[in-house]
Structure formats: C-alpha cells, structure tokens
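Secondary and tertiary structure notes
Listed below, chain by chain, are the residues.
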Amino acid sequence: RARGYVAGAISDAVAVSLAGGYVSRDGYTENTSGTGPDLDDADLLTARAKLRADIGNTELVVSADVLRDRGKPSFFEVTDVAFLDDPSESTPFTVNQDQPNFLDRDINGISLTATTDFGGPTWTNVVGYRDSSFDAGLDDDKLPVRYFVDFFSSDTEFVSLESRIAHSLGDRVDYMIGVYYFDQQADNISNFALGDFLTGVPGVEPPIDLTSSVDTESIAIFFNTDWALTDQLSLEVGGRYVTEDKTATHVQDDQTGIFGSTDFSADRSDTDFSPTVSLSYAFADGLTGYLRYAEGFKSAGFNTDFVTATSNLEVEPEEATALEAGLKARLGDAARLNLALFTTDYENLQLSQIVGGGVSLNNAAEATINGIEADIVIAAGDYFDINASLGYLDATYDEFTGCPVPGAALPGTTQADCSGNMLNLAPEWSANLGVQWTYPMSAGGNLIARADWSYRSEVFFEPQNTDRLSGDDRSLLDVRVGYATETWEVFAWARNATDEVYENFADDRSAIFVNTTTAYGPPRMYGVTARMRFGNGN
C-alpha cells in the first residue's frame, strides 16, 4: 500500500493539492481447483486533484478524482450446494471453482464549487459530474464444474447542480435556502449461462440475457433555519421538497425456459416534503439536551436484476418518521458523555433480496426501530485515553404479510406473516471499546499503543429470521503499536487480531441448486505502516 499527498500555493490567489494511492494484495480466499488465482485480492489505484483560486470576493474550487479497480473478489462462497459434496462448502475462505472471477471498475468525477461572499449573504453554487462503470464475472456455483456462470456490465453517469444562499439575521437567526437538481442514467447488461454440466452436451449453454435501464431526474428545494430563542434555548427548522421522475425498462430473455422471460417498462413520478424540527437547551455549562423530529422519503424503486417471471418488479415509495432525544455532557476536563434515545417508524419499507429463483423486491407494510445509544470519551491520567460505546436496538417488522420465503426452506418452518420478526442486519446489541496509551519519549516523539474491540450480536439476513441465513454474534479486535513524531511515524498493526471467522451476509440461490451462499468478513491481517511528512504544513 502506497499513499502520497502534496499541497502548496502557486501564488497568493491560487493553490493546488494532489493525492494518490495504490493498494496491491494477494487473495486470501484460496481456490483449490488449481484452474485460477486465489480470490479477494486487491489491485486498486486512486487519485485526487484540487485547485483553489480566489477571484475578488469569490472562491473557486475545482476537484477531480479517479478510481481504478482490477480485483478478483469472491463475492461470496457456496456453503450448501444440492448436487455435490465438496470440502470447500464447510471451509471458510476456500472455493473450488473452475471459472474466473473478476471485477473491472472505474469511477471518475469532477466538480466546480463557487462561493461568493457579499459581505453578509454567502452564495454557493456547485456543479458536479460523475460516471462509473464496471464489468464483472462470477462463477456462481463455486465448484469445479461449468454449471452457472454470470457476467455483469453496468454504466452510470449523473449530473448535479446545487445553488444555496446562507445569511444571518442579527445575532440570533441563521438561515440557508437552496435548490438541487439531479439527473442520472444507469444502464445494465447481464448474461447468465447454464453450463454444459446441466445440458450434458459440451459447449451447449442456454443463456439468460438481461438488458435494463433506469433514468432518474430529481429537483428539490430545501431550507434550514437556526434560531437562538434565548441564551439557552435554540430552535432549528428545516425541510426539503422533492419531485422525482423515474423511467425503467427491464428485458429478460430466458432461453432455458426455467425462470421465464420478462419485458417490463414503467414511469413513476413521486413528490414529498420532509420537515425537520429540533430543540436544544443548555441546562448548564457543559450540559445540553436536545429533541429532534424528522421525516424521510425514498422514491419508488425497480428491480432490474435476475428475476423469475412472476417476481414483483416495482415497489412503492418508502417513508420514515424519526424522533430522537439526547444529552451531551462534559464531565469536568477529562470526560465527555453522549446519550440518545430514538425511534423510527417506516411505512412501505423497501426490501430487496435473493430468494430461490431470483431477486425479490417487496414493501414491508410497517416497521419500527427503537433504540438507545451511549458513548463516552475519557482522558484517564497523563497517558491513557479511553472511548467506549453501547447500543441497544429493538428493530422489528410491525406488519409484513406475504414476506418472501427462502427457496430451500424446510416445509413447516416458514411464516406467512413476518410481523414481530427482527429487521434484516439489525443487531440487538452493539458495543465498542478503544484504549490508547501514549508515552512521551525524552528524545522527542511518542510511543503509542492502541487496541480497539467491537461487538455485534446475532443478525438475520432475511425477514423469515431463519438460522441458516443469519450471522452469529461476533467480537473483533484491532491493535497497533508504534512510534510517532511531528514528521514521521512507524506502526505495526493487526486487524481482526484473533482471526475471528464471521458472516457479513448469506442468501439463498436454490433455484440453481445452491441452497446457501455466505460472504465472510476478512480474516486476520497484519503489517507495518510508515509515514513521512515534508514541508512546513502551511
């Protein structure tokens, strides 16, 4: 891994900065077939450039960035296949595939920000353009047979425009008002081939071809006002009105006759106003309480992925209402404490997941997330700094009849109504603890040692809450130790130091006889990092 950054002034009015990085890593998921490389390697190049120019009372900032990724991700591992018994199914970070995985991903963006100070009001205009593309290949069965091979190609580009004015009215009122425009075009081409292992005829592979596009145009007007009602009480009022138009097409040509062909097109127009209101009160020096109400909105969505002919291809807009109350306290000079209680109610919660024959798209009628979070930062003496957090969630589907059923589920284990089940990927408990020891050396610089521990309780990856598609509770430990001065530092480190094996996701692809796939979190990694700083830092 190599990273570099340089910045400096060309003149009194113009300055530039350049940054770049490259990451190269061998794969940590072993391919035992011997017909291809190991997976989950890294071949990632990034670069960013920025130019700032002061022209009278206007500051211009031009920013550009590029990303080039040529990795070979595993995407997932097969942990239960119906027609073969392979040791890789029960061995994490192991596959036995005969077809290559690859990911060619490119992302580019450029933006221009102009900020004009009128001696009171400040007018900011932002113009942005971004495009991304990726081509990917995947051996979906992960076994040494040419059975199910996927290829994906996607191209997306968007243009955004934003104009906003910020101003203060006296000493007690600050306001901002603006308009935002967004236009995006996304095109996808995919091919799924049922290999000759299924047909029994070498070279005969019935294809399933997908061609889809989603075009989005959105216009929003937004505002925010901060009003100091008294020296202790402050009121914030904001809102966003948005109108969004979407056009989607999806054509699936299934020459196997197994999943079915689809020719889908739709136009949607959605509008929404989402307000935000919050109050904060300073009870004393270093003790502030707040209460916040907010509404959120996600426009209608479309399924432009691999589906069965009877799949639902469109979902209604999702709406959320959130209420939060909290305290922020400074406990002397050595500690800070934050507490928050919150609840979020969802209407038409949007869910997308692979279920048996393809991607299932649904609206869960209602869902609620209730929770509490606490975090504290402590300076314990001259050498130790401690940070800790604890969170509890009660996240459930309040109403979800007709929830999707994994295709390989055992008869009698599924539910027609998932009301009361836990939301996907929502742990009941989460916690973090970090401890850092900093010891000043007589020769200058500091000797530093740090450990970070995190915990997450069990999560479910689908609304039926089946054990087969769930992730057990996990504890992860990261450590580092090293020496740092103002100009250079050297650290040895280890991530996932205890080499915990844990699941980030699992799904069901039983329509192609792959009953369970699992995506694991990275195994233990360790290394040494050295940094050097040059120049005066101005």
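Structure first, text after, so check above.
Given the structure is predicted, the values throughout are model-derived calculations rather than measurements.

Remarks on the overall build of the protein
- Helix and strand content of the protein: one helix and 30 strands.
- Taking 2.2 N^0.38 as the reference for a compact globule, 538 residues should give roughly 24 Å; the C-alpha atoms of the protein span a radius of gyration of 27 Å, in line with that estimate.
- Reported as C-alpha extents along the three principal axes, the dimensions of the protein are approximately 75 × 60 × 50 Å.
- Counting all 538 residues of the protein, 36% fall into the buried class.
- Long-range contacts, defined as pairs at least 24 residues apart, comprise 63% of the intrachain contacts of the protein with a sequence gap of at least 6.
- For the protein, the centre of its 33 positive side-chain charges and the centre of its 84 negative side-chain charges are spaced 10 Å apart.

Points about the pairing of strand β26 (residues 474-484)
- Taken together, the eleven bridges between strand β23 (residues 446-456) and β26 define a ladder with antiparallel strand orientation. Looking across to β26, one finds that tyrosine 455 is bridged to serine 475.
- Sheet analysis places β26 next to strand β27 (residues 488-495), joined by six bridges and oriented antiparallel. Within β27, the position partnered with glycine 482 by the bridge is phenylalanine 491.
- Count of turn residues in the β26/β27 antiparallel hairpin: three residues.

Topic: the state of the cysteines
- Tallying each qualifying case throughout the model produces one disulfide.
- Here cysteine 403 pairs with cysteine 418 through a disulfide, and the sulfurs are 2.0 Å apart. On the S-S bond that ties cysteine 403 to cysteine 418, the torsion sits near 60°, and the link is right-handed. You can see cysteine 403 sitting in the loop between β21 (384-399) and β22 (429-440) and its partner cysteine 418 sitting in the loop between β21 and β22, a full 15 residues away along the chain. As far as burial versus exposure is concerned, cysteine 403 and cysteine 418 are alike and both buried.

Thoughts on a positive patch on the surface
- A contiguous patch of positive charge, built from Arg1, Arg3, Arg25 and Arg495, is present on the exposed surface.
- Here arginine 3 shows up in strand β1 (residues 2-9).

Description of the packing of aromatic side chains
- In the structure shown here, the tally under the stated rule is 17 aromatic pairs.
- Aromatic side chains phenylalanine 93 and tyrosine 520 sit 5.7 Å apart centroid to centroid with 50° between the ring planes, which places their arrangement in the tilted category. Residue phenylalanine 93 is found in the loop between β6 (77-81) and β7 (94-95), and its partner tyrosine 520 is found in strand β29 (residues 514-520); the two are separated by 427 residues along the sequence. Each member of the pair phenylalanine 93 and tyrosine 520 is classed as buried.

Section: the environment of glycine 402
- For glycine 402, the location among the structural elements is in the loop between β21 and β22.
- Between the C-alpha atoms of glycine 402 and glycine 289, which are 113 residues apart in sequence, the distance is 42 Å.

A word on the sheet that holds β29
- Across the sheet, three strands lie side by side as β6-β29-β28; this open sheet has antiparallel pairing. Both outer strands of the open sheet, β6 and β28 (503-509), are each paired with one neighbouring strand and no more. On average, each strand axis in the sheet is inclined to that of its neighbour by 25°, with strand direction left out of account.
- Note: β28 against β29, five bridges, orientation antiparallel. The residue of β29 that forms the bridge with alanine 506 is threonine 518.

Quick notes on the environment of aspartate 41
- Relative to the helices and strands, aspartate 41 resides in the loop between β3 (30-31) and β4 (42-55).
- Overall, aspartate 41 belongs to the buried group, its relative accessible area being 16%.
- C-alpha separation for the pair aspartate 41 and serine 24, spaced 17 residues apart in sequence, amounts to 7.4 Å.
- A polar contact is formed between the side chain of aspartate 41 and the backbone nitrogen of lysine 72, at a distance of 2.7 Å.

Describing the nonpolar core
- Membership of the largest hydrophobic core comes to 16 residues, with the highest contact counts inside it found for Phe148, Phe192, Ile208, Phe306 and Ile512.
- At the level of elements, β6, β11 (173-194) and β12 (207-228) are the ones that each hand at least two residues to this core.
- Excluding anything up to four places from it in sequence, phenylalanine 192 contacts Phe148, Val149, Asp150, Phe152, Pro206, Pro207, Ile208, Leu210 and Phe306.

Quick notes on the side chain of arginine 456
- The topology assignment puts arginine 456 in strand β23.
- Here arginine 456 is buried and forms no salt bridge, its nearest opposite-charge partner glutamate 503 lying at an N-O distance of 5.8 Å.
- Not counting chain neighbours up to four residues away, the residues in contact with arginine 456 comprise Pro427, Trp429, Gly471, Asp472, Asp473, Arg474 and Glu503.

What about unusual backbone geometry?
- With a phi angle near 65°, aspartate 40 is a residue other than glycine that sits in the positive phi range.
- Examined against the element boundaries, aspartate 40 turns out to sit in the loop between β3 and β4.

Some details on the pattern of salt bridges
- Considering all chains together, one arrives at 19 salt bridges under this definition.
- Its salt-bridge partner being glutamate 244, residue lysine 246 comes within 3.8 Å of it at the nearest N-O pair.
- The class for lysine 246 is buried, based on a relative accessible area of 16%.
- Given a relative accessible area of 14%, glutamate 244 falls into the buried group.
- Among the ionic pairs, arginine 268 bridges to glutamate 316, the shortest N-O distance being 3.2 Å. Within this pair, whereas arginine 268 is found in strand β14 (residues 262-284), its partner glutamate 316 is found in the loop between β17 (314-315) and β18 (318-331), the two being separated by 48 residues in sequence.
- Among the residues examined, arginine 268 registers a relative accessible area of 15% and is labelled buried.
- Taken together, the shared-partner salt bridges connect Arg268, Asp270, Glu314 and Glu316 into one network.

Some thoughts on a negative patch on the surface
- There is a patch of like negative charges on the surface, built from Glu295, Glu319, Asp345, Glu347, Glu366, Asp398, Glu399 and Asp417.
- Among the secondary structure elements, those contributing two or more residues to the negative patch are β19 (335-354) and β21.
- Relative to the elements of secondary structure, glutamate 399 occurs in strand β21.

Conventions and cut-offs
- Residues numbered from 1 in each chain as written.
- Predicted model: local features only at pLDDT ≥ 70, side-chain atom pairs only at ≥ 80, totals over all residues.
- Heavy atoms only, no water.
- Helix = DSSP H or I, 4+ residues; strand = E, 2+ residues; numbered from the N terminus.
- Rg over C-alpha atoms; globule rule 2.2 N^0.38 Å.
- Buried < 20%, exposed > 50% of the residue type's maximum accessible area, 1.4 Å probe, protein only.
- Contact = heavy atoms within 4.5 Å.
- Lys, Arg positive; Asp, Glu negative; His and termini not counted.
- Charge placed at Lys NZ, Arg CZ, Asp CG, Glu CD.
- Pairing = 2+ DSSP bridges.
- Disulfide = S-S within 2.5 Å.
- Patch = residues over 30% accessible without salt bridge, like charges linked within 9 Å, V, L, I, M, F, W, Y side chains within 5 Å.
- Areas by Shrake-Rupley, 256 points an atom, 1.4 Å probe, with all protein chains shown as cover.
- Salt bridge = Lys/Arg side-chain N within 4 Å of Asp/Glu carboxyl O.
- Phe/Tyr/Trp six-rings, centres within 6.5 Å; stacked < 30°, edge-to-face > 60°.
- Axes fitted to C-alpha atoms, helices over the stretch in contact; angles between N-to-C directions.
- Polar contact = N/O pair within 3.5 Å; in protein donor to acceptor, adjacent residues only side chain to side chain.
- Core = buried A, V, L, I, M, F, W, Y, C linked by side-chain atoms within 4.5 Å.

Treat this as a map of the structure, not an account of what it does.
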